Every structure is written in C-alpha cells, then in structure tokens.
Amino acid sequence: MNFDEAEEQDGIRFAWNVWPSSRLEATRSLVVPLGCMYTPLRKNPNTPLVYYEPVFCKGPCRSVLNPFCNADIRGRLWVCPFCFQRNQFPPNYADISEHNLPAELLRPYTTIEYALAARAPVVPPVYLYVIDTCMSDEDLQALKDSLIMSLSLLPENAFVGLITFGSTIQVYELSFVDCPKSFVFRGNKDVTSKQISELLGFAASNKGQQAPQAPQMGMNSGVPTPVQSSGFLMPLSECEFTLTSILEELQRDPRPVPNDKRPLRGTGVAISVAIGLLEATFANNAGRIMVFTGGPCTEGPGMVVGEELKEPIRSHSDIVKDKAKYVTKAAKHYEALAKRSVGSGHVIDMYACSLDQVGMLEMRDLVKKTGGYSVLADGFDQPMFKSSFQRLFTRDQKGVLNQGFNATLDVVTSRELKVCGGIGHMASLNKAGPSVADTEIGMGGTSAWKICGVDPGSTYALYFEVVNQHTNPIPPEQTGLIQFLTHYQNSSGQRILRVTTVSRQWAQGSSETGPGPIPALASGFDQETAAVLMARIAVYKAENEESPDILRWIDRMLIRLVSKFADYRKDDPNSFRLAPNFSIYPQFMFHLRRSHFLQVFNSSPDETTFYRAIFNRENVTNSLIMIQPTLEAYSFAGPPVPVLLSATSVQPERILLLDTFFHIVVFYGDQIAGWRKAGYQDDPQHANLKQLLVAPKDDASLILKERFPYPRYIECDQHTSQARFLLATIDPNITHNSMGNTPGEVIFTDDVNLKVFMEHLKKLAVQP
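Rules behind the numbers
Residues numbered from 1 in each chain as written. Predicted model: local features only at pLDDT ≥ 70, side-chain atom pairs only at ≥ 80, totals over all residues. Heavy atoms only, no water. pLDDT = per-residue confidence, 0-100. Contact = heavy atoms within 4.5 Å. Phe/Tyr/Trp six-rings, centres within 6.5 Å; stacked < 30°, edge-to-face > 60°. Helix = DSSP H or I, 4+ residues; strand = E, 2+ residues; numbered from the N terminus. Buried < 20%, exposed > 50% of the residue type's maximum accessible area, 1.4 Å probe, protein only. Pairing = 2+ DSSP bridges. Axes fitted to C-alpha atoms, helices over the stretch in contact; angles between N-to-C directions. Expected span 1.5 Å × (residues − 1). Polar contact = N/O pair within 3.5 Å; in protein donor to acceptor, adjacent residues only side chain to side chain. Parallel < 35°, antiparallel > 145°, perpendicular 65-115°, else oblique. Left-handed = near helix turned anticlockwise from the far one by under 90°. Core = buried A, V, L, I, M, F, W, Y, C linked by side-chain atoms within 4.5 Å. Bend = angle between axes of the 7 residues up to and from the residue. Nonpolar A, V, L, I, M, F, W, Y, C, P; charged D, E, K, R; others polar.

1. Some words on the confidence of the model for the protein
Here is step 1 of the chain: Residue-level pLDDT values for the protein average 92, and 94% of them are 70 or greater.
Here is step 2 of the chain: Within the model, pLDDT remains below 50 along residues 207-221, and this stretch shows 29 contacts once partners closer than five positions in the same chain are excluded.

Written out as structure tokens, the structure is:
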C-alpha cells in the first residue's frame, strides 16, 4: 500500500491500514492506537470544487453523499453506508444516470469541496493588531516596518484594527482621521466583555434593536451575528493611510522604567480587550488577533512575573518544585480568554520576540485552542520573525490567502468504529453521538471540534477504536468507513465544506491459537505515522504528567509492540528480527525520548511550549524531522549523501547539514574549516573546494525558503561552541567511556546510545 498516494489524494495517513475486525482482536493485536493524521486543507489540484449544495443523510449520522454509497439510479434512492438510512436524491439530481454521475459518487473523488451558498452577507476577515510598546526603539521600529509591510499583503476589503499596550491599553478609533484618537484602559484591571461594549459605545447603539438571527452556516458552527458598525475596525481600503500614519508615529511606552525593574506590561488585559472588541462587533465571523509582545506580562490578570528584576521568571525546576507562584493563576486567565475567543470563532496568534521569556507557557491555550500561529525569536529585527510573519500572507493560484477561518471538523464512522478523540490546535465542541467512544485519547468525548484558524499545513491527530464484537463477524466484502466534514471560510469570505471519505479493509479471521497479530494487520502498518501519533500522545501527556512516567510509558508500549510483531525465539535476543515496515519504529522512539518535546534540560518553559505547539500542528513528514532530524554529508568523494545521525558521521574532511526543523546547521569538519580559513577557496586552482563550501549553503537556503516558522540558521566549525547544536542531537555512540579506534566525534555524555538501547529492547522483547 502506498501511504504517500493516500496522503496526496485525501490528506490522510493511518497508522494501521488494515483494521482488526473486532474489539477483542484490536485489544490483542494493536499497541499503537488505531489513528490517523489528517490535513483538512491539503492542496490537491485534482480535488473538485462544486457549486451546489451537498446532500446530507436524513439519518442520525448526518453524513454526506459519497462514492461508497449504494445508489439506486432508477429508483432515485441512495443508502447511507454509515447508518444504512435510505434517502431520496434531491430534485436537482433528476438528470443523473449510470453514465452521468455527480462528482461525489465517482470513486476517484473521495475528497470533494462544496462552495456553499451565502445565506448571510459575506463578511471579509478581520485582522486586529495588538502591539506591545514596552520594547527597545530598534525592536519597535523593526516591528513597525513589518506591520506596515503586512498591510500591503492583506485583502483590500479586510477589516483592520489597532490596539497598543504597555502600562495602559489603547484602542485606536481609525475612523477619526484628524489625529490619532484612542480609548484608554488600565493595564492592571480586567474588564468584562459587557464593560468593553459599554465603554466603546457598542451597547448604546444596540439598545432597542433586536439582532436578527442569521441562518446556520455549517454543522456545529456558530451563528454569525450581524456586523456592528465600528470606527475601531475599518475596511483597509478606507483607513490604510490613517493606520499607516499611526504606526509610523508609534512611540515607546512613556512610563519611565528604573534600572532595577521591568516595564509594566498589561498583556492579559490587552488580549481581553481585543477579544471583547471582536465579540461586540464580529462574533462568529472570521477574525484574527495578532499579538506582538517583547516581554512578560508584569501587571494585572495574566501576570507571569513581578516588576522587580531581582525576581527571576519561572524555570522548569521552579514549576516542578511548585515555586512558580504566578503560573496557575495566569494560565487560568488565558485559558478563559481562549474559551471566549473559541466561542466567537476568532484566532489568536502569538509573536514573542525577546532575549528573555515572555510567558508563552501560560499563554499556550490562546494558540492551542484557537488554531493560531506562534513564533519565538530573539528580536523583531531577526529573520526568524520577519520571514515567518511575511509567509503568513502567502496566496494560492487564485490569489486567495492560504488561511481558513471559523472552521469545524466533524467525524462520522461506520458502526464498527468509534472516535476516541483528537490532538491538535482545536477545541472540543462536546458533540455526543453514536460515533463517540467511551475511551478518551486527547480531546475526547466528542466527534466534532472547533478550529478557529486552519491552513493547508494544519494537521490533526485523530484516534479511533474498534467496537465490533467478535461474535458478530464482518462480511468479507464490507469495508470500514470514516468521513471527515470540514466547514470553513476562506479569506475572500466564501464558506466551503470539504468532505473526505476513506475506506480500509478489515483483517478477516482471528488468531485462534493465541494473542499473535494477524499477518494482514502487520502488512498495513505505517511506522512513520504510528511514530507521530504516539509522539502526539506523549506530548499531550507531558503537559499533564511527570516526564519519567512518560518515558516509561513510551518504553513499555515499544516493548509490547515489537514483542508482538517481531520474529524471534524465546530468550534468544540474537534471533530478533523486525519486518521492514517495523524496523525504523524503535529508532523513532529512541530519538523521541531525547527530543525537546520530552527532555526539558537546557530549554526554558517558553521554548518547550513553542516546540510542542509547532509539533502539534505539522504533518507526518515535518513531525518526523522534529523527532529524528536529517543529516547530510558533503565531501569530495561525490554528491551529498544522507548519513546516520551518529557521532561516527562527524569527520574532519566533511561538511554536514543538519535539519532539526527548528535549526538548520552547517557544520564544517576540522580539515575543511582549516582550508576555508586559509582562503584556499579563493584560489582558482581549488574551485572544487569553493563548490563544496557553497553546496550546503544552497541546500540550506532552499529549506529556509519554504519552512514556517523560519528556523534559526547556524554555521559552525568542529570543536567550536556552536557545534553543540549538532553534538546535542546526534546519537552518542562514541563517548569518553567508549573511545577506541572508531573514527568520529567523542561526545561527553552518559546518555545511552542507539546500539545499547536496541540491545536492551531485544532482551526485554524476547522474554516470555
């Protein structure tokens, strides 16, 4: 089975592509959960976009007509494959025949998009800039330049707004053109949504008016409220000059800051005001709150550290020892704000640029629950911010921004399956139904999720369980079905429903002689997807449990998996063999155990939060790079070749290119570095050296050009301080305790290497 083809067509990859036919067989055979990685908006030029309404099943499942339905063309009937309800074709299908079928009944179109008719006025998206003014003049100027640039990339009909914050919060009235006019809120006192409406004048304008109810625009989506006219949020075409002028004249927060104190920064109140403004004006319409902060919140609700510099911001050690006095209260405040934003369908992006921590840990729910972006950089003048921010506004071939808003994801399963939950940047809609399992993984207890912000790269992990009883055998011709329904609004205001229906075979028969796996089940195992699904569960657990427990859980699950699917003789580790589609899985788990997602040593809480946030939104390919980085070697021996992520790959006559997703490292071996420092590459007689030095940089630039967020680019020589970025990542199979004649770099560590890890795994797996 070609897993890449399935991902290309439907944007989906399953860990198991042949499913056990009963709960008993699943319990015996599956160690890695039955799950998939789904990218709802994955670009595929072969996906049809049709301009008519979808046909829904009238039964309780509410599935959409799809190629796996049993259609009676003569009788104008179709039978739902999920609940077996008989449905009539609507009148507009009167002309269909065996040779004239609609796209949704054709087998190649298992994924199809419907452009839904506008039942309410089409409202373009809102972009609300929330800017921290407590930063250096250089950073503020760089930020202003990026923001002014971004205005030229927005759709002309998009609404824009501006809020700045420091010790006070200022909401700018863009309709007032004579001079900058703003409403000021205190940064140390929270305001409710109702108070914001009253203070900004929305409540008064709504008195005596009964807002008409707009029709529902999608399953489980919020009902769009009529847009409230506002001078604070204006179409870009009407206020671009005013907004540009305000940004150009923006100054640092005027409050003086003593040398021994931090600036007063009311981030928590600023975000609350931003959410309240959109709640009062654009509730359940597409909206994006973009928060740009240069330091931690030091006053009011959401405060993460005190004003005094002698009080350090919390570390991982402080959190473990329960010495971080602000974390719990601040996290609750931002969680409440995230729920408000989800309720009104708005995205929150966090752009944190500072040499110190800014409170990403406490604010993580703002990004996680709303599907926003997060970028962590050293300053607003760094390419990590500037390039990442610019790539937010890339457009597709039709000139539409690659952004989806106010989306919902519904999952419908055939009767033999149920949904355990999902992990990703989304929020549960708590939709109960026949497809919901009792077992919960991640955000469980529902078959539908709200996704305020989605793009072509947003990927969600979804987990299922087989509930069919072994006493109820499945007919050989029957397949298991899952349907994904994604409602979203694109940046031009068009509501779209994307329907993906996938089918997989059931593994027929059962293991009568013991708990061994069915061969067909093993043949459909996708070790790459399985590794990412397990990693997402591990990261989800890591945010709620102690790290040692997570590592033990990973080890336990790995031992169980290989003991079931490997070939071996009991008590004979030398006989241990794994099939090719299982062979790399233990290696993924080894590197996962050492990754930034589970090991917090040498990372701040903000960095760990950032790494986990990016991991939870990426597809299988990018996630695997994060788990097990790629390493390529450049030398005079030939073209670049992939090499083992190992200390033996470090050679003095090589250049290595390391891609960890977050870092791109060009590492020069001692000999190459010496030649470069001597300037041999400038001598025409050594043109081949010049080409060798340029090649990894060219390949690195290609990666940097496509990657979001923009990675940190590092060039370093062997035995220099920045070589640590490579040495901390590679497998330490040559250490100070095992030095011999093996060529390579000596790593000073007591960490277990991959060889020892595999030896212990084999010993434990073959035990009876």
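After presenting the structure, the write-up continues.
2. Overview of the packing of aromatic side chains
Here is step 1 of the chain: Taken as a whole and judged by the stated rule, the model has 33 aromatic pairs.
Here is step 2 of the chain: Taken together, a centroid distance of 4.9 Å and an interplanar angle of 15 degrees make the contact between Phe-292 and Tyr-351 stacked. Remark: Tyr-351 occurs in strand E15 (residues 346-353) and Phe-292 occurs in strand E14 (residues 287-293); sequence separation between them is 59 residues.
Here is step 3 of the chain: Owing to a relative accessible area of 0%, Tyr-351 belongs among the buried residues under this scheme.
Here is step 4 of the chain: Between Phe-380 and Phe-385 the ring centres are 4.9 Å apart and the planes differ by 90 degrees, which places this aromatic pair in the edge-to-face class.

3. Notes on the sheet that holds strand E5 (residues 70-72)
Here is step 1 of the chain: Pairing is antiparallel in the open sheet, where three strands are placed in the order E5-E6-E7. What marks the edges here is a single partner per strand, and that holds for E5 and strand E7 (86-88). Neighbour-to-neighbour, the strand axes of this sheet turn through a mean angle of 25 degrees, independent of strand direction.
Here is step 2 of the chain: Relative to E7, strand E6 (residues 77-79) runs antiparallel, the two being bridged by three bridges. Paired with Val-79 across the strands is Arg-86, a residue of E7.

4. Quick look at the pairing of strand E18 (residues 417-423)
Successive residues of a regular strand alternate their side chains across the two faces of the sheet.
Here is step 1 of the chain: With respect to burial, E18 is a largely interior element, six of its seven residues being buried.
Here is step 2 of the chain: By the bridge criterion, six bridges tie E18 to strand E21 (residues 460-466) in an arrangement that is antiparallel. Note on E21: the bridge partner recorded for Val-419 is Phe-464.

5. Regarding the sheet that holds E21
Here is step 1 of the chain: Spatially, the four strands line up as an open sheet ordered E1-E3-E21-E18, and their pairing is antiparallel. Because the sheet does not close on itself, it has two edges, and the strands there are strand E1 (12-14) and E18. For this sheet the average axis-to-axis angle between neighbouring strands, irrespective of direction, equals 25 degrees.
Here is step 2 of the chain: Relative to strand E3 (residues 34-38), E1 runs antiparallel, the two sharing three bridges. Among the inter-strand pairings, Phe-14 is bridged to a residue of E3, identified as Cys-36.

6. Looking at helix H13 (residues 527-542)
Here is step 1 of the chain: Over its 16 residues, H13 extends 22 Å from the first C-alpha to the last, a length consistent with the 22 Å expected when each residue adds 1.5 Å.
Here is step 2 of the chain: Among the residues of H13, the N-terminal cap falls to Asp-526, whose side-chain oxygen and the backbone nitrogen of Glu-528 are separated by 3.2 Å.

7. Section: the packing of helix H7 (residues 267-281) against helix H9 (residues 327-344)
Here is step 1 of the chain: At their nearest, the axes of H7 and H9 sit 10 Å apart, and the two run at 15 degrees to each other. In terms of orientation, H7 lies roughly parallel with respect to H9. Pair H7 / H9 crosses with left-handed handedness. Here Thr-267, Gly-268, Ile-271, Ser-272, Ile-275, Gly-276 and Glu-279 of H7 come into contact with H9, specifically with His-333, Tyr-334, Leu-337, Arg-340, Ser-341 and Ser-344.

8. Topic: the nonpolar core
Here is step 1 of the chain: Of all hydrophobic cores here, the largest spans 138 residues; its most connected members are Trp-16, Leu-462, Phe-464, Phe-484 and Tyr-585.
Here is step 2 of the chain: Of the residues forming this core, the biggest block, 10 residues, is contributed by H13.
Here is step 3 of the chain: The next biggest cluster of nonpolar side chains, apart from the first, holds 57 residues, and it includes Val-160, Cys-239, Phe-380 and Ile-672.

9. A few points about helix H6 (residues 236-249)
One full turn of an α-helix is made of 3.6 residues, so residues set three or four places apart face in the same direction.
Here is step 1 of the chain: For H6, with 14 residues, the first-to-last C-alpha span of 19 Å sits near the 20 Å given by 1.5 Å per residue.
Here is step 2 of the chain: Residue Thr-242 marks the point of greatest curvature in H6, where the axis turns by about 30 degrees.
Here is step 3 of the chain: Those residues of H6 not exposed but buried are Leu-236, Cys-239, Thr-242, Leu-243, Thr-244, Ser-245, Ile-246 and Leu-247.
Here is step 4 of the chain: Elements that come into contact with the buried residues of H6 comprise strand E9 (126-132), helix H3 (137-151), strand E10 (159-165), strand E11 (168-172) and strand E13 (234-235).

10. Quick word on the packing of H3 against helix H11 (residues 383-391)
Here is step 1 of the chain: One can describe the packing of H3 onto H11 by two numbers: an axis separation of 10 Å at closest approach and a directional angle of 15 degrees. Relative to H11, the element H3 lies roughly parallel. In terms of crossing hand, the pair formed by H3 and H11 is right-handed. On H11, the residues that touch Leu-143, Ser-146, Leu-147, Met-149 and Ser-150 of H3 are Phe-385, Lys-386, Phe-389 and Gln-390.
Here is step 2 of the chain: Of the residues contributing to the contact of H3 with H11, the split by class is five nonpolar, three polar and one charged.

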